[in-house]
Amino acid sequence: MNKNNQIIGLDNAKICFYLPTPPVLSADWSHTAPSAIQNLIQINGNHWRKILTIMAKIAVADTNWKGYRDELLLKQDESILINSHQLNPNASVHIVCGQLSAQHLNLPPNLFTPISPTANYVSKHASQAIYLCPYLDYRQFPNQQIDLLRVALNLPPLS
């Protein structure tokens, strides 16, 4: 796969997360393997555990984000697009993580508005399901902000 537009997960995933830098993956790593997430975390450490945890908290339909992260994340409804300069045409929801990802996608900031008065740095495109979010790190994207995004996605809050 082209390093400048690497996809991790399903090509036709409903939710696409856009990140600026890829994890390290072994040559035989596959998102479909039963232990795919555990292997990714083992190779990449705590930083990627946090990224995948926040992804699971955003994407899970119920509130069991830990089970979802460990068993289903990237296997049914999500993908990660690395360093992309265009939106995934197959996804219906786009979660753009961090300013660098937004810059790569050339998204005009004036087309986005905050999803709620208390949403720090979480905004939605005026007419499309494109969400600008902080980088997936708890210091920048705490649980309160994750819950606001979940509500905007018509999902129940986790807390």
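Reading the values: the criteria
- Residues numbered from 1 in each chain as written.
- Predicted model: local features only at pLDDT ≥ 70, side-chain atom pairs only at ≥ 80, totals over all residues.
- Heavy atoms only, no water.
- Core = buried A, V, L, I, M, F, W, Y, C linked by side-chain atoms within 4.5 Å.
- Buried < 20%, exposed > 50% of the residue type's maximum accessible area, 1.4 Å probe, protein only.
- Helix = DSSP H or I, 4+ residues; strand = E, 2+ residues; numbered from the N terminus.
- Contact = heavy atoms within 4.5 Å.
- Expected span 1.5 Å × (residues − 1).
- Phe/Tyr/Trp six-rings, centres within 6.5 Å; stacked < 30°, edge-to-face > 60°.
- Lys NZ or Arg CZ within 6 Å of the ring centre and 35° of its normal.
- Axes fitted to C-alpha atoms, helices over the stretch in contact; angles between N-to-C directions.
- Nonpolar A, V, L, I, M, F, W, Y, C, P; charged D, E, K, R; others polar.
- Left-handed = near helix turned anticlockwise from the far one by under 90°.
- Disulfide = S-S within 2.5 Å.

Some remarks on the nonpolar core
Judged by nonpolar contacts, the single largest core of 37 residues is most densely connected at Ile-95 and Leu-136. Elements with a contribution of two residues or more to this core: strand 2 (15–19), helix 1 (36–44), helix 2 (46–59), strand 3 (78–82), strand 4 (93–97), strand 7 (130–133) and helix 5 (143–152). Among all residues touching Ile-95, those that are not within four sequence positions of it are Ile-15, Cys-16, Phe-17, Tyr-18, Tyr-131, Cys-133, Leu-149 and Leu-153. Judged by nonpolar contacts, the second largest core, of twelve residues, contains Val-96, Leu-107, Phe-112 and Leu-132.

Things to note about helix 2
With 14 residues, helix 2 should cover 20 Å at 1.5 Å per step; its first-to-last C-alpha distance of 20 Å lies within 8% of that length. If you follow the buried residues of helix 2, they end up packed against strand 2, helix 1, helix 3 (65–71), strand 3 and helix 5.

Describing the packing of aromatic side chains
The full count for this structure, using the stated rule, is zero aromatic pairs. Positioned above the aromatic ring of Trp-65, the side-chain terminus of Lys-57 is 4.6 Å from the ring centre.

Considerations on the packing of helix 1 against helix 2
Following both chains from N to C, one finds helix 1 and helix 2 inclined at 145°, their axes separated by 6 Å at the closest point. Between helix 1 and helix 2, the residues in contact are Ile-37, Leu-40, Ile-41 and Asn-44 and Asn-46, Trp-48, Arg-49 and Leu-52, respectively. Looking at the contact of helix 1 with helix 2 residue by residue, the class counts come to five nonpolar, two polar and one charged.

A look at the packing of helix 2 against helix 5
Where helix 2 contacts helix 5, the axes come no closer than 9 Å and their chain directions differ by 35°. Considering how the two elements wind past one another, helix 2 and helix 5 form a crossing that is right-handed. Facing helix 2, whose interface residues are Ile-54, Lys-57, Ile-58 and Ala-59, helix 5 presents Asn-143, Ile-146, Leu-149 and Arg-150. Taken together, the residues of the contact of helix 2 with helix 5 break down into five nonpolar, one polar and two charged.

Thoughts on the state of the cysteines
Linking two cysteines covalently through their sulfur atoms gives a disulfide. Under the counting rule described, the total for this entry stands at zero disulfides. Between Cys-16, a free cysteine, and Cys-97, which holds the nearest cysteine sulfur, the sulfur-to-sulfur gap is 9.2 Å. Residue classification places Cys-16 among the buried positions, given a relative accessible area of 0%. Looking at the unpaired Cys-133, the closest cysteine sulfur is the one in Cys-97, lying at 5.9 Å.

A few points about unusual backbone geometry
Located in the positive-phi region is Asn-83, a residue other than glycine, with phi close to 55°. Among the secondary structure elements, Asn-83 is positioned in the loop between strand 3 and strand 4. Located in the positive-phi region is Asn-106, a residue other than glycine, with phi close to 55°. On the basis of relative accessibility, which here comes to 66%, the residue Asn-106 falls in the exposed class.

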